[in-house]
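Examination of the molecular architecture
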Amino acid sequence: MKVLVTGATGFTGGWLARHLVRTGDEVRVLVRPGSGDGEPVDGLVQAGIDLASGDLRDVASLETACQGVEIVYHIAASYRTAGQPASSYREVNIEGTRRLLEAATGCGVRRFVHCSTGGVHGHIEHPPATEDAPLAPGDIYQDTKLEGERVARAVGEAGGIEVVVARPIGIYGPGDTRFLKLFRLASGRVMLGAGTVFYHLTFVEDLVEGFRLCGTVPAAAGRTYLLAGRRYTTLRELVALVASELGTRPPRLTIPVWPVWLAGALCELVCVPLRVEPPLYRRRVEFFTKSRAFDASRAGRELGFAPRVELTEGIHRTAVWYRQQGLL
Ligand SMILES: NC(=O)c1ccc[n+]([C@@H]2O[C@H](COP(=O)([O-])OP(=O)(O)OC[C@H]3O[C@@H](n4cnc5c(N)ncnc54)[C@H](OP(=O)(O)O)[C@@H]3O)[C@@H](O)[C@H]2O)c1
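What comes next is a walk through the structure. All values reported here derive from a predicted model rather than from experimental measurement. (Residues numbered from 1 in each chain as written. Predicted model: local features only at pLDDT ≥ 70, side-chain atom pairs only at ≥ 80, totals over all residues. Heavy atoms only, no water.)

**Here's the deal with empty space enclosed by the protein**
So the rule is basically this: Cavity and pocket criteria rest on a 1 Å grid covering protein atoms alone: a 1.4 Å probe that fits but cannot get out defines a cavity, protein on both sides within 12 Å along at least 5 of 7 lines defines an open pocket, and an atom within 4 Å of a point defines a lining residue. Grid points are joined across faces, edges and corners, and a volume is the space filled by probe spheres set on the points. Residue polarity follows a fixed list, in which Ala, Val, Leu, Ile, Met, Phe, Trp, Tyr, Cys and Pro are nonpolar, Asp, Glu, Lys and Arg are charged, and the others, Gly among them, are polar. Helix and strand definitions here come from DSSP, where helices need a minimum of 4 consecutive H or I residues and strands a minimum of 2 consecutive E residues; each element is numbered from the N-terminal end.
Throughout the structure, instances matching the rule amount to two cavities of 30 Å³ or more. In this structure, the largest cavity occupies an estimated 60 Å³ of space. Taken together, Tyr172, Leu201, Thr202, Phe203, Gly229, Arg230, Arg231, Val309, Glu310 and Leu311 form the lining of the largest cavity. Residues belonging to the lining of the largest cavity are distributed by class as follows: five nonpolar, two polar and three charged. Put simply, the second largest cavity is a space of about 40 Å³. What lines the second largest cavity is His74, Ala76, Ala77, Asn93, Thr97, His114, Cys115, Thr144, Lys145 and Gly148. Every element with two or more residues in the lining of the second largest cavity is listed here: helix H4 (86-106), strand S5 (111-115) and helix H5 (140-157). The element that contributes the greatest number of residues to the lining of the second largest cavity is H5, accounting for three residues. Looking at the lining of the second largest cavity residue by residue, the classes come out as three nonpolar, six polar and one charged.

What follows is the structure, encoded as structure tokens:
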């Protein structure tokens, strides 16, 4: 099958594009002109992936990229950069999604797999949350991800293209540096908060198979799926697992979260109008206060989604990669 993947110069999209090549698809990826420093792009070419130059802000480039494609996996998002105005998130996560859907529909694409986030559920009051749990996005990124999935669902309901919404949870694995902070925390002395909140991780290799199932299982059309790892733990248990992998002792000192949260809010207040990445921001601190625990059994029943990589194994494989990169 000929498929288009967006976000392939990023962590998850890159894994997905390679996975789809291995499982037999003809893969094209949307790459922004000048994206990365050439290294992610070179790796994609070496993997036999076709490049389409384009941007979610540029309709014409999306129409070209969608030509002849059967399935679009829309993974790209404005996500990791915190020092952006709200309008930048809207432009990519909502309007970019709308443009890509219009281009895909116009080109006769059969199915559109839209990558959202479990973050649209916000803090999970009653764990584990299913797809029907209350929606409570807590920041501009999560707000725009929720609006993006609403746009996608509405286009699917209008007919003309099948839409599947996937909500991944805490993606980690080789290639990601977001969870490096957790690894550094686990070998430090101080923990923020009591660590009694739940945290749920999904190993990227399992996740990308979940995306492939969203793209290929006929009955998935029109459905929404949480894609999560096999188990969740408290944050303190997770830190202890990472510390055990690193051969260190988990932090024993605990400091209260709220002064740090306020400092994060203050940093955002000063940095965002100046378009400077804040050194600390609320979403980062909320990692220690929001509970995230999910029930992915719908994806198991309807798609056959069956994550294989156990948490300790995933942590080990991630640590190996961090060491290889000289990050630990
Ligand atoms: N990481 C997690 O734990 C997590 C959890 C739940 C959901 N998600 C969702 O999973 C997806 C992938 O996350 P990730 O962590 O892999 O992200 P990532 O590494 O930050 O990659 C983001 C990708 O989006 C592309 N992109 C951004 N703006 C674009 C634009 N205007 N036009 C075209 N491409 C654009 C980036 O291209 P450049 O290389 O050119 O910047 C990059 O390839 C996102 O939709 C995110 O919301 C992530």
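**Describing the nonpolar core**
To keep things clear, this is the line we draw: By nonpolar core we mean a set of buried residues, namely Ala, Val, Leu, Ile, Met, Phe, Trp, Tyr and Cys, connected to one another through side-chain atoms within 4.5 Å. Working definition: with a 1.4 Å probe on protein chains only, accessible area under 20% of the residue-type maximum means buried, over 50% means exposed, and in between means partly exposed. The contact rule is simple, with two residues in contact once any of their heavy atoms fall within 4.5 Å.
Membership of the largest hydrophobic core comes to 35 residues, with the highest contact counts inside it found for Val5, Val29, Tyr73, Phe211, Leu227 and Leu303. Among the elements that take part in this core, helix H7 (residues 204-216) stands out by supplying six residues, more than any other. The contact partners of Leu227, leaving out residues within four places of it in the chain, are Ala166, Arg167, Pro168, Ile169, Thr202, Leu207, Gly210, Phe211, Cys214, Ala299 and Phe305. One finds Met191, Leu201, Val242 and Leu311 within the second-largest nonpolar core, a separate group that totals 30 residues.

**Some thoughts on the site of the ligand**
To keep it simple, the criterion reads: We call a residue near a molecule or strand whenever a single non-hydrogen atom of that residue lies within 4 Å of it. Whenever a nitrogen or oxygen atom comes within 3.5 Å of another N or O atom, the pair is scored as a polar contact, on the condition that within protein one atom can donate a hydrogen and the other can accept it, and that pairs from neighbouring residues in sequence are kept only if both atoms are in side chains. Surface exposure here means Shrake-Rupley accessible area, sampled with a 1.4 Å probe, where a residue is shielded only by the protein chains that are shown.
Surveying the vicinity of the ligand reveals 26 residues, the closest of which are Thr9, Thr12, Arg80, Tyr141 and Arg178. In this structure, Phe11 approaches the ligand through a main-chain N or O atom, which is 3.0 Å from an oxygen atom. The separation between an oxygen atom of the ligand and a polar side-chain atom of Ser35 is 2.8 Å. Burial of the ligand by the protein amounts to 90% of the accessible area it has alone, namely 900 Å². Secondary structure elements with two or more residues in the shell around the ligand: helix H1 (11-22) and H5.

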